[in-house]
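So the chains spell out like this:
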Amino acid sequence: MAVEYSVDLCNELKQTFKSKALYRPMRVDRYDPGTELSYEMQCVESGKNAQVTLQIEKFVGGGYAGQVYRVKVTGIDAPDGSARGIETGSTYAMKILIPPSTFSRLFRNTLYWIGFQGPFQLQTNPAAARSGAIWQKFIRRAAKIRFGSEMVVNDVHATFVDNKLGSCGEISDWIEGRTWHLEVDDNLDTLKLWKKGKAFDEKILDSAEYRAKYRFMHNFVDMLHDMGAHEFARQYEWSTCKSQPNCLKRTDCDDDPEAGLVAVDFRAGLALLPFLPMSPGDFKLIGKGIARKSLVQFDRGNMEELENFINACPADFEDLKPMLDELKKCEDIYRDSVPDITHNGTRLLYSGKLWNRIFDSAVTGWKVRNIIDERTEVSLRNSKSNTFLFFALALFSGMGLLYTIAGVIFGLMRLTGLVEAIDSPWLSLRSVYWWPMIIGGVIFFNGFRMIRKAWGRQNWRKHY
Ligand SMILES: Nc1ncnc2c1ncn2[C@@H]1O[C@H](COP(=O)(O)OP(=O)(O)O)[C@@H](O)[C@H]1O
Ligand SMILES: [Mg+2]
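Calculation notes
- Residues numbered from 1 in each chain as written.
- Chains lettered and ligands numbered in written order.
- Predicted model: local features only at pLDDT ≥ 70, side-chain atom pairs only at ≥ 80, totals over all residues.
- Helix = DSSP H or I, 4+ residues; strand = E, 2+ residues; numbered from the N terminus.
- Rg over C-alpha atoms; globule rule 2.2 N^0.38 Å.
- Buried ≥ 20, exposed ≤ 12 C-beta atoms within 10 Å, placed from the backbone.
- Contact = placed C-beta atoms within 7 Å.
- Pairing = 2+ DSSP bridges.
- Axes fitted to C-alpha atoms, helices over the stretch in contact; angles between N-to-C directions.
- Near = placed C-beta within 6 Å.
- Nonpolar A, V, L, I, M, F, W, Y, C, P; charged D, E, K, R; others polar.
- Arc of directions from axis to C-beta.
- Parallel < 35°, antiparallel > 145°, perpendicular 65-115°, else oblique.
- Left-handed = near helix turned anticlockwise from the far one by under 90°.
- Core = buried A, V, L, I, M, F, W, Y, C linked by C-beta atoms within 7 Å.
- Expected span 1.5 Å × (residues − 1).

A separate point is the overall build of the protein chain. Along the protein chain, the regular secondary structure elements total 18 helices and 9 strands. Rg of the C-alpha trace for the protein chain: 25 Å, near the compact-globule value of 23 Å for 464 residues, within the 12% margin. Projected onto its principal axes, the C-alpha positions of the protein chain cover 75 × 65 × 65 Å. Residues classed as buried in the protein chain amount to 34% of the 464 residues present. Considering only residue pairs separated by 6 or more positions, the protein chain has 65% of its internal contacts joining residues 24 or more positions apart.

Reading around the barrel, the 6 strands line up as β1-β2-β3-β4-β6-β5 and close back on themselves, with antiparallel pairing between neighbours. Each strand axis lies, on average, 45° off the axis of its neighbour in the sheet, ignoring direction. Of the strands in this sheet, β1 (36–43), β5 (156–162) and β6 (167–173) touch helix α4 (residues 126–147), which is tilted by about 170° from β5.

This next bit is on the site of ligand 1. Taken together, 22 residues form the shell around ligand 1, and within it G63, A65, A93, P245 and D265 come nearest. Elements that contribute at least two residues to the shell around ligand 1 include exactly β2 (49–61), β4 (91–96) and β6. Its residues assigned to classes, the shell around ligand 1 shows 10 nonpolar, 9 polar and 3 charged.

Next up on the list: the pairing of β5. Among the 7 residues in β5, 7 count as buried, and that is most of the element. Pairing analysis gives 3 bridges linking β1 to β5, with the strands arranged antiparallel. Each bridged residue has a counterpart across the sheet, and for M41 the counterpart in β5 is F160. Strand direction decides the pairing type here: β5 and β6, joined by 6 bridges, are antiparallel.

Restricting attention to buried positions, one finds in helix α7 (residues 280–291) the residues D282, L285, I286 and G289. Buried residues in α7, looked at end-on, bunch into an arc of 105°, giving them a common side. α7 presents P280, F283, G287 and A291 as exposed residues on the side facing more than 90 degrees away from its buried surface. Two residues or fewer after α7 comes K293, characterised by a positive phi angle close to 65°.

This part takes up the environment of I451. By secondary structure assignment, the location of I451 is in helix α17 (residues 434–456). It is 34 Å that separates the C-alpha atoms of I451 and L272, two residues lying 179 residues apart in sequence.

Right, let's get into the packing of helix α13 (residues 352–368) against helix α15 (residues 384–415). In contact at an axis separation of 11 Å, α13 and α15 are set at 55° when each is read in the N-to-C sense. Taken as axis vectors, α13 and α15 run oblique relative to one another. For the pair α13 and α15, the crossing hand works out as left-handed. Residues F359, A362 and V363 of α13 form the contact with α15, whose participating residues are K384, T387 and F391.

One recurring pattern in soluble globular proteins is that nonpolar side chains are buried together. M41, I139 and L224 are the most contacted members of the largest nonpolar core, which totals 91 residues. Ranked by the residues each element gives to this core, the list is headed by α4, at 10 residues. Sequence-distant contacts of L224, that is, excluding residues within four places in its chain, are made with I139, A229, F232 and A233.

Turning next to unusual backbone geometry. With phi around 50°, S207 is a residue other than glycine that occupies positive phi space. Considering the arrangement of structural elements, one finds S207 in the loop between α5 (188–196) and α6 (208–226). Classification of S207 as buried rests on a count of 20 C-beta atoms within 10 Å. Of note in this structure, C241 is not a glycine but carries a positive phi near 65°.

To continue, consider α13. Taking 1.5 Å as the rise per residue, α13 with 17 residues should run 24 Å; its terminal C-alpha atoms sit 24 Å apart, in good agreement. Among all positions of α13, only I358, S361, A362, V363, G365, W366, K367 and V368 are buried. The positive-phi residue at the C-terminal boundary of α13 is N370, with phi of around 70°.

The next subject is the environment of D189. Within the secondary structure, D189 sits in helix α5. D189 gets classed as exposed once you count the C-beta atoms within 10 Å, which come to 11. Once the C-alpha coordinates of D189 and F200 are considered, the two residues, 11 residues apart in sequence, prove to be 9.2 Å apart.

Time to look at the sheet that holds strand β9 (residues 261–263). Taken in spatial order, the 3 strands of this open sheet run β7-β8-β9, and their pairing is antiparallel. Each edge of the open sheet is held by one strand with a lone partner, namely β7 (177–178) and β9. As paired strands, β7 and strand β8 (residues 247–250) are joined by 2 bridges and run antiparallel to one another. Across the sheet, G177 pairs through a bridge with R250, a residue of β8. Helix-sheet contacts for α6 involve β8 and β9, and the interaxial angle to β9 is about 35°.

Next up on the list: the packing of α15 against α17. Contact pair α15 / α17: the axes reach a minimum separation of 7 Å and the direction vectors enclose 160°. By the angle between their axes, α15 is roughly antiparallel relative to α17. The two elements α15 and α17 cross, and the hand of that crossing is left-handed.

Structure, rendered in structure tokens:
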């Protein structure tokens, strides 16, 4: 019999864990329905803070960027106007920028490290989370001009830090919608003609929903490029074959195939590396990125182009003007928080400001991820050499892991006779002792990890 996932059992285990009064913190990967949470949220519009309590209703899903929940807000404690758009009793979508699956997390973080030489910023840097949310506000307004309604872009209300999962997050409107109606189309040749803009017979043109979505997403991408949000456009680029779920169709518009399309996901998960296209459309995107001098793509926008777009119709953006200055500040912090060789280039050689920011944001990231407590945070902020050492410990631990993996590979090669097969005077693999590699690697990996944990947090010190 298949064993079903039981929330009750999880709660029971949670209670047991609590009752033991352990020093080590409980590890949480995701939340179950019914969980009550409370966050200090920063309102996207006002920039003010509000304490918001909410209850998880449903785990909706999540890929590489993070995990999405449907939540109900059960209480707000805030001075007037500091939690604009959020109301007690209403339902929202909550996205926390850490994937529930370990594999997804490792894969995402590895690509990001290769691309930007730092941790995944949307997870670890509150300025990056806020920057993305403010961009979305501007995109929403642009959509009002282009599509006649702001409803085509989901509204995001606040950003926050989740200390349990160790990640930034955001709360936005919940869209009652669906992704795709699999339409049966007997006239694919006509559809092809339609796509190419050639003459076709109107009477045998099917796939109404498909065509509406295809057109909407293409127009939306054009708009994003026009306003300088070049890399956000990746999220809606049809040809990547994975962007379609980012655009939902509202259920209350079910009877009209054209109506109710809404863009919900502006947080990229995977960095696009120039040597690692992962979909047919990526080849084109890489080329276009290089033309914009962006070799590694993630979610970079062009502030100058955004300002030009705004200045072309200032009346439409009047009330958002104060947010533009805030966006510039957040972008400055965000983009300077990682070495990002391909964008920062030679600045890395001479800019003290850049390196100060990288060190500072590294500490912020460890705090967000709950690797360090307040005391360690203060001490690391006061000493660059300690910050570097703390980073180096992670590096050594990672090297231990690689050593273990190498040992396992050699071991497998030995067992399968592969070593004997490729052994030669030029490449003497017989002399590799795989099991000491594994044992040594494990000791290194865990040893440095333990030192780092004990240094980072008092409760881990006590635990050890
Ligand atoms: N605001 C929302 N309202 C309703 N459903 C949503 C909302 N945001 C996301 N979803 C659902 O969750 C799925 C995954 O969310 P998304 O933000 O695209 O994350 P990811 O791309 O990391 O998987 C979406 O395809 C959509 O079905
Ligand atoms: Mg998505």
